Amino acid sequence: MKAAVINHYGDRNELEVIDTRMPEIQADEVLVENHATSINPIDYKARQGLLKPMFQWQFPVILGWDLAGTIVSVGEQVKGFEVGDAIFARPDIDNLGANGAYAEYTAVKADKLAHKPSNISFEEAAAVPLAALTALQMLRQLKLLSNQKILIQAGAGGVGIYAIQLAKMMGAYVATTAGQVNHEFVKSLGADLVIDYHEYNIQDVLSDFDAVLDTVGDVDGGIAILKPGGHFVTISTTLTDQQKNISNKTVMSGWLTPNGRDLETLAIDIANEDLKIVVDSIYPLTTEGIRQAHERSETHHARGKVVVTIKP
Ligand SMILES: NC(=O)c1ccc[n+]([C@@H]2O[C@H](COP(=O)([O-])OP(=O)(O)OC[C@H]3O[C@@H](n4cnc5c(N)ncnc54)[C@H](OP(=O)(O)O)[C@@H]3O)[C@@H](O)[C@H]2O)c1
């Protein structure tokens, strides 16, 4: 099968499309013929070697942890999914690095799958799992309630676009940060207040917030705007012991737990047209295309998600 791999850690020129072995499935897995994948910042961080301490990857490594496609074979223990089903998923990160989503086929544990809503394309579906699951689970970790005030950093980014919409669906007041060019865009997703981060520090303009979802590493700023009893979670940096132990405020790191059940609830929101998907750009699964997709993501200014078409 065709897959985009890296043979060394390094810059985006390490990415190349080659012919490689098809994955084999376990009894609790399905084989997915991928139609599309999407890029997340973890992809270029992994490409650079930042996940080295966590996995025993052997080159060539296939990156990519978002997929949308069609099931072509089903393990004997799998229930609820059949050959021919259109699905999307954030698969597990494989310990050997051989089973990413930048490939024509990926083996996926059945408990990570959800049925693709029929009102969206495979490209749109591939733009959902990792970023939207993160947004949903972080709002839960923040214990966000109706009428509470939340700051969502980087509202125009992959996680931000979903977090704004989900927080509004929960009935919260949402402030977000974005460059001037994205102000109308994030308001169209439901943001009540937009701060231009080039002009203002959040702690100079916001106070008394119940919750902060930090996607940019501004821990001290986020903690400063919380009211007593408020909750802060960062998904983009490590916390110091001092930051973790601020009295009267809950300061946490957050990690996505891939999970088909949560993805099914997001699929319902999408099917009901309550949750919009925003695709920044689409590239083909070619050596040039995957390098350009990483280049776009690494600008840190994609609006929504960068998608790669695998099967047009
Ligand atoms: N822990 C986890 O489980 C987990 C899961 C998902 C993501 N993450 C991490 O979360 C971070 C965000 O991910 P993402 O997918 O949302 O990234 P992304 O899509 O690449 O974010 C791009 C957006 O960030 C905005 N931006 C850039 N610098 C900003 C700043 N200083 N202040 C406010 N907005 C800024 C840009 O808007 P403008 O063009 O308007 O500047 C752009 O729209 C990454 O570090 C990623 O690795 C962690």
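All values derive from a computational prediction rather than experimental measurement. (Residues numbered from 1 in each chain as written. Predicted model: local features only at pLDDT ≥ 70, side-chain atom pairs only at ≥ 80, totals over all residues. Heavy atoms only, no water.)

Trainee: Is there a simple way to think about the overall build of the protein chain in this case?
Mentor: Helix and strand content of the protein chain: 10 helices and 16 strands. For 312 residues, the compact-globule estimate of 2.2 N^0.38 gives 20 Å, and the C-alpha radius of gyration of the protein chain, at 19 Å, lies within 12% of that figure. In terms of principal-axis extent, the alpha carbons of the protein chain reach across some 55 × 40 × 35 Å. Within the protein chain, the fraction of its 312 residues that count as buried is 54%. A total accessible area of about 13500 Å² is found for the protein chain, and carbon and sulfur atoms account for 48% of it. Charge separation in the protein chain, taken as the distance between the mean sites of 26 positive and 39 negative side-chain charges, equals 3 Å. (Helix = DSSP H or I, 4+ residues; strand = E, 2+ residues; numbered from the N terminus. Rg over C-alpha atoms; globule rule 2.2 N^0.38 Å. Buried < 20%, exposed > 50% of the residue type's maximum accessible area, 1.4 Å probe, protein only. Areas by Shrake-Rupley, 256 points an atom, 1.4 Å probe, with all protein chains shown as cover. Lys, Arg positive; Asp, Glu negative; His and termini not counted. Charge placed at Lys NZ, Arg CZ, Asp CG, Glu CD.)

Trainee: I tried to follow the sheet that holds strand S4 (residues 61-62) on my own but got confused; where do I start?
Mentor: Strands belonging to one sheet form pairs held by backbone hydrogen bonds; the direction of such a pair is parallel or antiparallel. What the 3 strands build is an open sheet, ordered S2-S1-S4; its pairing is antiparallel. The open sheet terminates on both sides in strands that have one partner only, identified here as strand S2 (15-19) and S4. Where strand S1 (residues 2-6) meets S4, 2 bridges bridge the pair, whose relative direction is antiparallel. Residue Val5 lies in a different strand from S4, and its bridge partner there is Ile62. Where helix H10 (residues 287-298) meets the sheet, it contacts S1 and S2, and its direction lies at approximately 145 degrees from that of S2. (Pairing = 2+ DSSP bridges. Contact = heavy atoms within 4.5 Å. Axes fitted to C-alpha atoms, helices over the stretch in contact; angles between N-to-C directions.)

Trainee: Would you mind showing me how to read the packing of aromatic side chains here?
Mentor: Both the distance between ring centres and the angle between the ring planes are used here to describe each pair of aromatic rings. With the rule as written, the count across this model stands at 3 aromatic pairs. Each ring, one from Tyr9 and one from Phe59, has its centre 5.1 Å from the other, and the planes form 70 degrees; the classification is edge-to-face. With Tyr9 in the loop between S1 and S2 and Phe59 in the loop between helix H1 (41-48) and S4, this pair connects stretches of sequence that are 50 residues apart. Judged by relative accessible area, which is 35%, Phe59 ranks as partly exposed. Their ring planes at 15 degrees and their centres at 5.5 Å tell us that Phe55 and Trp57 sit as a pair that is stacked. On the accessibility criterion, Trp57 (11% relative accessible area) is buried. Here a set of aromatic residues connected by ring pairs shows up, and it is made of Phe55, Trp57 and Trp65. (Phe/Tyr/Trp six-rings, centres within 6.5 Å; stacked < 30°, edge-to-face > 60°.)

Trainee: I tried to follow the site of the ligand on my own but got confused; where do I start?
Mentor: Not every one of the 24 residues close to the ligand is listed here, only the nearest: Lys45, Gly179, Tyr197, His301 and Ala302. Gly254 places a main-chain nitrogen or oxygen 3.0 Å from a nitrogen atom of the ligand. The contact in question runs from an oxygen atom of the ligand to an N or O atom on the side chain of His301, over 2.7 Å. Taking 940 Å² as the accessible area of the ligand by itself, protein coverage stands at 85%. Every element with two or more residues in the shell around the ligand is listed here: H1, helix H3 (129-141), helix H4 (158-169) and strand S10 (173-178). Of the residues in the shell around the ligand, the class split is 12 nonpolar, 11 polar and 1 charged. Each of domain 1 (2-128 + 278-309) and domain 2 (131-253) accounts for three or more of the residues forming the shell around the ligand. (Near = heavy atom within 4 Å. Polar contact = N/O pair within 3.5 Å; in protein donor to acceptor, adjacent residues only side chain to side chain. Nonpolar A, V, L, I, M, F, W, Y, C, P; charged D, E, K, R; others polar. Domains from an automatic or database assignment.)

Trainee: Mind showing me how you'd approach the sheet that holds strand S12 (residues 209-214) here?
Mentor: A sheet is described by the order of its strands in space; here 6 strands give the open sequence S11-S10-S9-S12-S13-S14, paired in parallel fashion. Across the chains shown, the open sheet's two edge strands, defined by having one partner strand only, are strand S11 (193-196) and strand S14 (250-253). On average, each strand axis in the sheet is inclined to that of its neighbour by 15 degrees, with strand direction left out of account. Alignment of strand S9 (residues 149-152) against S10, held across 4 bridges, turns out to be parallel.

Trainee: What should I look at first to understand the environment of Ala125 in this one?
Mentor: Looking at where Ala125 falls in the secondary structure, it is placed in helix H2 (residues 122-126). When its relative accessible area of 0% is taken as the criterion, Ala125 is described as buried. Here the alpha-carbon distance between Ala125 and Val307, two residues 182 residues apart in the chain, equals 9.7 Å.

Trainee: Honestly, the domain arrangement of the protein chain in this entry has me stumped. Any pointers?
Mentor: One frequently used descriptor of interface size is the decrease in accessible area upon assembly of the parts. As assigned here, the protein chain comprises domain 1 (2-128 + 278-309) and domain 2 (131-253). For domain 1 versus domain 2, the distance between C-alpha centres works out to 28 Å. Residue-level contacts link 10 residues of domain 1 with 13 residues of domain 2. Taken over both partners, the interface formed by domain 1 and domain 2 buries close to 840 Å², and the fraction arising from carbon and sulfur atoms is 53%. Three residues stand out in domain 1 for area buried against domain 2, namely Val128, Val278 and Arg303, and they jointly supply 55% of the buried area on that side. Our count for the domain 1 to domain 2 interface comes out at 0 salt bridges. (Buried area = accessible area lost by both parts, 1.4 Å probe. Salt bridge = Lys/Arg side-chain N within 4 Å of Asp/Glu carboxyl O.)

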